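Fold and contact review
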Amino acid sequence: SQEPALWFTLVLRQTGEFVGQCGIKVQGPKNRDGLFSISKFPKFFGGRSSGIVIGYAFGASGIQKVSLIIVEGNEAGIMLYTEIIQEGRKRRANWVEGHWEDLIYMGGTGE
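Read on for an overview of the structure. In this text the structure is predicted, and so the values were computed from the model without any measurement.

1. Observations regarding the overall build of the chain
Secondary structure summary: the chain contains 2 helices and 6 strands in total. Mapped in sequence order, the helices and strands of the chain form the string β-β-β-α-β-α-β-β. A compact globule built from 111 residues would reach a C-alpha radius of gyration of about 13 Å, and the chain, at 15 Å, matches this within 12%. Seen along its three principal axes, the alpha-carbon backbone of the chain occupies a region of about 40 × 40 × 30 Å. For the chain, the proportion of its 111 residues judged to be buried stands at 30%. Counting only contacts in the chain whose residues sit at least 6 apart along the sequence, the fraction spanning at least 24 positions is 41%. Accessible surface, the chain: about 7600 Å² in total, of which carbon and sulfur atoms supply 52%. Averaging the coordinates of the 12 positive side-chain charges in the chain and doing the same for the 11 negative ones gives two points 4 Å apart.

Set out below in structure tokens:
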């Protein structure tokens, strides 16, 4: 069976330039847990885009929890999700520019 998903591609209105994509993939629909992902956003688009998609997930789509996985070296991303708690860590899971980094598992329920 195919898992439900919602994806957005964002472009600059003025130029049509691609600036990134983000979305929610529902893993196990009975639990209403959406896995959030985002990629390639300039610094000033990430927070706004994340807020729109996560807000939609909790509101219109009935998701009860949003989860995400982030590489420990992505400090800007970690700072962006201050309202989502760290739930766990997979140590030395990702090889990045000559060294190992942990994956940080985060989740929030919108409460």
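2. Quick look at unusual backbone geometry
A positive phi is found at Arg 32, a non-glycine position, where the angle reads about 50 degrees. Mapped onto the elements of the fold, Arg 32 is located in the loop between strand E2 (18–27) and strand E3 (33–39). The phi angle at Arg 92 is positive, at roughly 45 degrees, despite the residue not being glycine. Inspection of the secondary structure assignment puts Arg 92 in strand E5 (residues 85–96). Arg 92 sits in the exposed class, given a relative accessible area of 54%.

3. What about the nonpolar core?
Ranked by size, the top nonpolar core spans 15 residues in total, and within it Phe 36, Val 66, Leu 68, Tyr 81 and Met 106 carry the most contacts. Sorting the residues of this core by element identifies E2, helix H1 (43–58), strand E4 (65–71) and strand E6 (99–108) as the ones contributing at least two each. If we skip the residues at most four places from it in the chain, Met 106 touches Val 66, Ser 67, Leu 68, Ile 70, Tyr 81, Ile 84, Ile 85, Gln 86 and Glu 87.

4. Remarks on the layout of surface pockets
Take a probe with the size of a water molecule and roll it over the atoms, and the empty space left behind shows itself. Approximately 300 Å³ is the volume found for the second largest pocket. Listed by contribution, the elements that provide at least two residues to the lining of the second largest pocket are H1 and E6. With 5 residues, H1 is the largest single contributor of residues to the lining of the second largest pocket. Of the residues that constitute the lining of the second largest pocket, the class distribution is 7 nonpolar, 8 polar and 2 charged.

5. Some words on the packing of aromatic side chains
Summed over the entire model, instances satisfying the criterion amount to 2 aromatic pairs. Judged by centre distance (6.0 Å) and plane angle (70 degrees), the ring pair of Phe 36 and Tyr 81 falls under edge-to-face. Taken together, the positions of Phe 36 in strand E3 and Tyr 81 in the loop between helix H2 (75–80) and E5 put the pair 45 residues apart, joining distant regions of the chain. Taken individually, Phe 36 and Tyr 81 each receive the classification buried, so the pair is uniform in this respect. Pairing Trp 95 with Trp 100 gives two aromatic rings, centres 5.0 Å apart and planes at 70 degrees, and the pair type is edge-to-face. Judged by relative accessible area, which is 51%, Trp 95 ranks as exposed. By relative accessible area, Trp 100 is classed as partly exposed at 39%.

The rules behind each value
- Residues numbered from 1 in each chain as written.
- Predicted model: local features only at pLDDT ≥ 70, side-chain atom pairs only at ≥ 80, totals over all residues.
- Heavy atoms only, no water.
- Helix = DSSP H or I, 4+ residues; strand = E, 2+ residues; numbered from the N terminus.
- Rg over C-alpha atoms; globule rule 2.2 N^0.38 Å.
- Buried < 20%, exposed > 50% of the residue type's maximum accessible area, 1.4 Å probe, protein only.
- Contact = heavy atoms within 4.5 Å.
- Areas by Shrake-Rupley, 256 points an atom, 1.4 Å probe, with all protein chains shown as cover.
- Lys, Arg positive; Asp, Glu negative; His and termini not counted.
- Charge placed at Lys NZ, Arg CZ, Asp CG, Glu CD.
- Core = buried A, V, L, I, M, F, W, Y, C linked by side-chain atoms within 4.5 Å.
- 1 Å grid on protein atoms, 1.4 Å probe; cavity = no way out; pocket = protein on both sides within 12 Å on 5 of 7 lines; lining within 4 Å.
- Points joined across faces, edges and corners; volume = space filled by probe spheres on them.
- Nonpolar A, V, L, I, M, F, W, Y, C, P; charged D, E, K, R; others polar.
- Phe/Tyr/Trp six-rings, centres within 6.5 Å; stacked < 30°, edge-to-face > 60°.

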